[in-house]
Amino acid sequence: MRRRRLGASEGGVGSSGGNMLRFYTDDAPGIKISPTVVLVLSLCFIGFVTALHVFGKLYRSKLVPPGAQ
């Protein structure tokens, strides 16, 4: 039995490829930033949240007298 080839209109790889390419063109709406900037900003956010957790633990340990918990 022969295999049937899928065209772009039948759900092949080409059907979603056109939509993905639109994100990287000048026609796409929104802020234009590169994936590297997104990666750096997300790592900075993760580091900031981690630092807040560490500072919160240190600050709370200074306020609570030993043996109070």
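Everything here concerns the structure above.
All chains use their own residue numbering, which begins from 1 and follows the written sequence. A pLDDT threshold of at least 70 governs which residues receive local features in this predicted model, and a stricter bar of 80 or more applies before side-chain atom pairs are shown or counted, although totals over entire chains, interfaces and linings include all residues. As a convention, hydrogens and water are excluded, and side-chain values are obtained from all of the structure's heavy atoms.

Draft legend 1. Molecular detail of the overall build of the protein. Each helix is a run of H or I in the DSSP string that is no shorter than four residues. Each strand is a run of E no shorter than two, and both are numbered from the N terminus. Along the backbone of the protein there are two helices and zero strands. Partly exposed residues are those whose accessible area sits between 20% and 50% of the maximum for their type, while under 20% is buried and over 50% is exposed, using a 1.4 Å probe and protein chains only. Residues classed as buried in the protein amount to 3% of the 69 residues present. Carbon and sulfur atoms make up 66% of the accessible area of the protein, which amounts to about 7,000 Å² in all. Areas reported as accessible are Shrake-Rupley estimates using a 1.4 Å probe. Residue values count occlusion only from the protein chains shown.

Draft legend 2. View of a nonpolar patch on the surface. On the surface, Leu 39, Leu 43, Phe 45, Ile 46, Phe 48, Val 49 and Leu 52 cluster together into a nonpolar patch covering about 710 Å² of accessible area. Mapped onto the elements, Leu 52 comes out in helix H2 (residues 35–63). Every patch collects residues that have over 30% relative accessible area and no salt bridge, joining them within 9 Å if they carry like charges and within 5 Å if they are nonpolar side chains (Val, Leu, Ile, Met, Phe, Trp, Tyr). Each salt bridge in this description consists of a side-chain nitrogen of Lys or Arg and a carboxyl oxygen of Asp or Glu lying within 4 Å of one another.

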